[in-house]
Amino acid sequence: YKLSVSPEMDIMEYCRKEWRGNTPAAKRMRKGYEAVAQKFASIRRIRGDNYCAFRATLFQALSQATQLPRWLQSEDFTMLPENLLSKYDWIKQWQLRQKPGKRMGEIRDEIKEYLILLRKKWKNISEIKGPLEKQEACDKLFKNEEEEYSLYEALKFLMLNTAIELYNADKSGRRVPVFSWLLFARDTSNNPCQLMHNHLNHIGHSGGLEQVEMFLLAYALQYTIQVYRLYKHSTDEFITLYPNDPEEDWPVVTLITEDDRHYNVPVRMCQETML
């Protein structure tokens, strides 16, 4: 059994263990980790399957949650599967985790359960006041494989909903963020149906999140995802924001990646950067 989120480790100790050589790549990584260590003291390794971008983002969001996001409070939130399935027949092809070929009613009910679970967990964790207790609750959640993967299914469905909203907004002539054009300019995702078939249905199974899908995840959660991309150290892409023009009131979560495929999380902000 693999831990989903490993215990804390000193960032520079982790870096020395991982990047020993004198190759240009190793030197760049060490410089990248040194820069992160100016802001954060520790790192927690995220289990490396195709869900790791979800796992890292959700873990960070819940670890610092102090209230339920507005979109999770809305009355219609748990009605999403029903509303979308009544308008878009093709959503019947949604691939539930390890359960291909489900019938429409089962898909609707199961996704609704996932959304209810997401709201419940977010609410419970955000109401915990003590930082230690909050961290313990997060650690416990990310040790429960059944619940953890159900939450990722909820996130995927929220991404689909956001994609449909953006696609429809663009078609009716309203302004949409630039990433939305890029998302639907791909040969494999000209529209939300293709996005579901060729991308969202595969996340967690045969692939992780691509760059443009990190934007979609950020929009779905209404969070700014700040990523230290270590292999881009000393370029202006070293710290990348998804989205790059975030809303003022969106909370920020921070991740670390060495290759844009696998993500870990920095924890414990250094005192001086907090002041």
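What counts, and where the lines are drawn
- Residues numbered from 1 in each chain as written.
- Predicted model: local features only at pLDDT ≥ 70, side-chain atom pairs only at ≥ 80, totals over all residues.
- Heavy atoms only, no water.
- UniProt positions renumbered as here; feature names shortened; annotations may be inferred.
- Helix = DSSP H or I, 4+ residues; strand = E, 2+ residues; numbered from the N terminus.
- Buried < 20%, exposed > 50% of the residue type's maximum accessible area, 1.4 Å probe, protein only.
- Contact = heavy atoms within 4.5 Å.
- Core = buried A, V, L, I, M, F, W, Y, C linked by side-chain atoms within 4.5 Å.
- Salt bridge = Lys/Arg side-chain N within 4 Å of Asp/Glu carboxyl O.

Identification of the protein as OTUL thioesterase from Peucedramus taeniatus is taken from an unreviewed UniProt entry. Taken verbatim from the UniProt record of the protein, the Subcellular location (unreviewed entry) comment is "Cytoplasm".

Caption draft 1: View of the environment of Ser180. For Ser180, the position within the fold is in helix α9 (residues 178-185). In this structure Ser180 comes out as buried when scored by relative accessible area, which is 2%. Note: C-alpha distance between Ser180 and Leu117 (63 residues apart in sequence) is 28 Å.

Caption draft 2: Local environment of the UniProt feature "site: Linear diubiquitin binding" (unreviewed entry) in the protein. UniProt marks Glu237 with the feature "site: Linear diubiquitin binding" (unreviewed entry), using the numbering shown here. As for its placement among the helices and strands, Glu237 is situated in the loop between β3 (224-229) and β4 (239-242). Of the residues examined, Glu237 reaches a relative accessible area of 35% and is grouped as partly exposed. If sequence neighbours within four positions are ignored, Glu237 has contacts with Arg229 and Lys232.

Caption draft 3: Region of interest: the nonpolar core. Counting residues in each nonpolar core, the largest one holds 75 residues, and the members touching the most others are Trp94, Leu118 and Trp122. Every residue in contact with Trp94, bar those within four places of it in the chain, is listed here: Ile107, Ile111, Glu153, Lys156, Phe157, Leu160, Met196, Leu200 and Asn201. Membership of the second largest hydrophobic core comes to 13 residues, among which are Ile11, Met12, Met29 and Tyr228.

Caption draft 4: Summary view of unusual backbone geometry. Here the residue pair Tyr242 and Pro243 is connected by a cis peptide bond, since its omega of -10° sits within 30 degrees of zero. Its identity as a non-glycine residue notwithstanding, Ser234 has a phi of 70°, on the positive side. For Ser234, the location among the structural elements is in the loop between β3 and β4. Positive phi, close to 65°, is recorded for Asp260, a residue that is not glycine. Along the chain, Asp260 turns up in the loop between β5 (252-257) and β6 (263-269). Judged by its relative accessible area of 12%, Asp260 is buried.

Caption draft 5: Quick look at the pattern of salt bridges. One pass over the structure, following the stated rule, counts 18 salt bridges. Close ionic contact of Asp49 with Arg55 constitutes a salt bridge, the shortest N to O distance being 2.9 Å. Residue classification places Asp49 among the partly exposed positions, given a relative accessible area of 23%. You can call Arg55 buried: its relative accessible area is 0%. Across the pair Asp249 and Arg70 runs a salt bridge whose closest N-O atoms are separated by 3.7 Å. Taken together, the residues Asp249 in the loop between β4 and β5 and Arg70 in helix α4 (residues 70-73) connect sequence positions 179 residues apart. Of the residues examined, Asp249 reaches a relative accessible area of 52% and is grouped as exposed. Each of Arg229, Lys232, Glu237 and Asp260 takes part in a single network of salt bridges with overlapping partners.

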